[in-house]
Structure formats: structure tokens, C-alpha cells
Amino acid sequence: MIRRTRRPAPRPALRAVRTGTALRPLRHRLSPSAVEDVPLQAGDGVRLGLTRIRTAGRPAGPAVLLLHGHTASSDMFLLPETRNLVDVLLDEGYEPWLLDWRGSCRLPYNETGRRYTYDDVALYDIPGAVARVRQEIGDRPLFAVAHCIGSLALSMSMAAGLVPGLAGVVSQGVFLTPRLAGRTSLRMTLAGELLKSRIDHIPVDFRTVGFRSKYTPLFALASRRAECPDPTCQILHNSAWGTGASLFVHEHLTRTTHDRLAELLGPAPLWILPHLRRIELARTVVRWNDGDLRYRALPRNALDAAGAIDAPVLLLSGSENGLWLDSQELCHRVLARRQPRLDVAYTEIPGYGHLDTFLGRGAALDVFGHILEFLEKRR
């Protein structure tokens, strides 16, 4: 008699990985007629997201292109639970445009699709979006407000002369001179070396990976000495995807925003770390693709090419920025010394961290006024 062993049924997938390029819908409280999806494809064929916000019955004012950080999305500028940046810009007569570049969590590229570096964002995504917006707005002024890696990539685009003629740029968190805390830099290096053979991204939503997953040790490490019991908050506020940094001041978030963190910030790809490490070690934005002729339009070192920047720049940072520390203050000092002809100002927001400068419940009062003041002087 032959004994047959029953094979266990395969476990269902714990998370659905998107393989298409459809954009996840934005969440907002605007009239549907005010929100227009504008088709946009990057120069290398990658589908991106571009959204135009209009107000019926008003004359068109200056346009403002909003750039999110890596793993975030345009949702960070549209929070329906707070008075958000888009609300403020509309009330002051501006026309917001929101770019979801290839690092957006509304798109699947951090988990699926071909890999990329920040060279691709600086060479293809941002210049392509600027060109598309200008097709629509004609000779009206175009500003940019950029956060974190969106700002870092924009600095490379500007140094390369790929987005000339911007009326002004607001950079939040980091621009030309990134500086991380020593432990964050060390953990980033160790994570890249130790984990690259096992995983290719770090998720933020523990519910989608399950308790018995290869990601559990990362969430356990992030929970050490955490005051908040929520695993997503722990890996973002207490650990910034395992780096030991902090992305926001916890008490600045509303309960609704706090509960949406897994929607507002997506998985961080580990395969981008080599470029990020090179940038951080150089203390400036440097090109990754040295051997590929397609990227020769980008300078090897954006700081060395900063003389090509032709727009006034406002550097913003929270005084409690737990990720990029004093990178913006450092940038202001360096540019004042190396490029004194540039119109660059620095403003520090007391008590704020990194993401809460846009997601915080009081950002409209404490942060957005600085942005509006800068735009108004140049519109």
C-alpha cells in the first residue's frame, strides 16, 4: 500500500502587486470638474501622472508645479482632512499642477517595472512635465514647489539647464547639498548590502505582508522604543524605512492623516540605494549613469554646475528635520559662497520635521505663508 502525503495548499498572496501603469485615483474634496488628468509620457516611454487643478469662473493665474518626494505622491498636496497646499494656492489665484513622477506610490514602478535612478527623474520626468505644462499655459509664469527627492532631482534638472525660465522654486527638505545623520547613512549602507539578496523593497503597511514574512524583523526593529503602537507609523516616524531617521513630528498629524500613512507613502526600493549613497557621500547631487551617452545632458556634479540655475530659490526646512538635518541651511551657506549672484533664501520652520511641513494639521498657518510670500513677490 502506497501512502500518499497531502501537499499543503499554496498560501494566497498577501498583497496584490500592480503590474499595469494605471494611476491610483487621487483623494480630494474638490469638484470633479476642477481636476483634469493630463496624459504624460516621459522621454524614455515611462507613463507618468500629471494633474491640472482649475477653478471655474476665474481668470487663469500663474501655474505652480508640485513635486512630491520618493514613495509619496501628489496626494500629499491634496489632503481632504486639512487645509492643504492646493487649497491655499487656489484661493490666491494660482493654478496648481501636480506631477506624479516615477517614484510615486500612485504608480507601480517602485515594486514592478524596470528599475531607474534619479538621473531618469532629472532628465526625463521633470523636464517633460515642465514642457507639457508650458504647452497649456503659454507665457504665464510657472513656479515649482518641490519636496525631498523631488526637490533633489529638480536641482539636477536646473543645474543641467533642462528647465530654464522658471519664475521661482520652493525647495523643501533638501536641494543641492544632502546631509544625513551618521547612523542613517550607516544603516542605509548596511541595509543595501545585507538585504539586497533577499528583498528589493521595504514596505510600510504591515497588514499587506503578514506576521510570518521576511519583512517582520524590519518592523520589529522599527518598533523599538516607539511610543505609537501603529507599525506603519513606527517604520516611518521611528525608523524611516529602517534607516533610524524620522520623517515627521508625530503630534503634527491629524488622526485621519496618521491612519492614512500607508496610503500616502509607499514601499521604498532598495535598488535605488547605490545612487542615493553616492549622492550622500558626495554631499551633492551627482550623476549615476556615467557610461551611458543618454545622460550626458546631466552634469557629473550639480553643485559644480549650479551657476546654470536661473530662477530664484527659497530653501525651506523644519528645525526638527530628522532625515536631512541641516541640509538646506548648508546649501544656503555653500551657494552664498560659491554662487553669490544666485537669488537664494533660506527659511527654517520652528518645531517642524520633514513631511509634516505639508501633511501637518497647522501647515497652512505655519508653512504655506512662507511659500505664498515667495511666490507673490515674483508673480
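In case you missed it, the structure is sitting above this.
Residues numbered from 1 in each chain as written. Predicted model: local features only at pLDDT ≥ 70, side-chain atom pairs only at ≥ 80, totals over all residues. Heavy atoms only, no water.

Visitor: Hey, could you run me through the environment of I349 in this one?
Guide: Mapped onto the elements, I349 comes out in strand β11 (residues 344–349). In this structure, the C-alpha to C-alpha distance between I349 and R225, residues 124 residues apart in sequence, is 27 Å. Non-local contacts of I349, meaning those with residues more than four positions away in its chain, are made with L316, S317, G318, S319, D366, V367 and H370. (Helix = DSSP H or I, 4+ residues; strand = E, 2+ residues; numbered from the N terminus. Contact = heavy atoms within 4.5 Å.)

Visitor: Looking at this model, I keep getting lost on the pattern of salt bridges. Mind explaining?
Guide: Side chains that differ in charge, positive against negative, can pair when their charged atoms come close. Under the defined criterion, the tally for this structure stands at 28 salt bridges. Where D91 meets R83, a salt bridge forms, and the shortest distance between an N and an O atom there is 2.8 Å. The class of R83 is partly exposed, set by a relative accessible area of 41%. For R132, the salt bridge identified is with E136, shortest N-O distance 2.7 Å. Linking R132 with E136, this pair stays in helix α2 (residues 118–137), spanning 4 residues, or about one helical turn. Taking relative accessible area as the criterion, E136 reaches 35% and is therefore assigned partly exposed. (Salt bridge = Lys/Arg side-chain N within 4 Å of Asp/Glu carboxyl O. Buried < 20%, exposed > 50% of the residue type's maximum accessible area, 1.4 Å probe, protein only.)

Visitor: Just to check I follow, could you spell out the environment of G61 for this structure?
Guide: In this structure, G61 sits in the loop between β3 (47–53) and β4 (63–67). Taking relative accessible area as the criterion, G61 reaches 11% and is therefore assigned buried. In this structure the C-alpha to C-alpha distance between G61 and T51, which are 10 residues apart in sequence, comes to 16 Å. Non-local contacts of G61, meaning those with residues more than four positions away in its chain, are made with G93, E95 and R140.

Visitor: I'm lost on helix α3 (residues 149–159) in this one. Help?
Guide: Since the α-helix advances by 3.6 residues per turn, residues separated by three or four positions end up pointing in the same direction. Of all 11 residues that make up α3, 11 are buried, and the element is covered over most of its length. Along α3, the residues classified as buried are I149, G150, S151, L152, A153, L154, S155, M156, S157, M158 and A159. Of the surrounding elements, those touching the buried residues of α3 are β4, α2, β6 (142–147), β7 (168–172), α9 (273–282) and β10 (313–318).

Visitor: I keep staring at the pairing of β6 and nothing clicks. Help me out?
Guide: Every regular strand shows the same layout, with side chains that alternate between the two sheet faces. Burial of β6 is extensive: 6 of the 6 residues sit out of reach of the surface. Two elements, β4 and β6, share 5 bridges in a ladder whose sense is parallel. Pairing of L65 across the sheet is with A144, part of β6. When β6 meets β7, the two strands line up parallel, connected through 5 bridges. (Pairing = 2+ DSSP bridges.)

Visitor: Is there a simple way to explain the packing of aromatic side chains in this structure?
Guide: To describe a pair of aromatic rings, one takes the distance between the centres and the angle between the planes. Following the criterion strictly, the structure yields 6 aromatic pairs and no others. Among the aromatic side chains, those forming a connected cluster through ring pairs are F77, F358 and F368. The aromatic ring of Y94 is capped on one face by R379, whose charged end is 4.4 Å from the ring centroid. (Phe/Tyr/Trp six-rings, centres within 6.5 Å; stacked < 30°, edge-to-face > 60°. Lys NZ or Arg CZ within 6 Å of the ring centre and 35° of its normal.)

Visitor: Would you mind going over the pairing of β4 with me for this structure?
Guide: Taken across its 5 residues, β4 has 5 buried, putting it largely inside the fold. Burial along β4 is two-sided: the face carrying A63, L65 and L67 and the face carrying V64 and L66 are both buried. Two elements, β4 and strand β5 (residues 95–100), share 5 bridges in a ladder whose sense is parallel. The residue of β5 that forms the bridge with L66 is L98. The parallel pair β4 and β5, bridged by helix α1 (residues 85–91), forms a crossover whose chirality is right-handed. (Right-handed = clockwise from strand over helix to strand, strands pointing away.)

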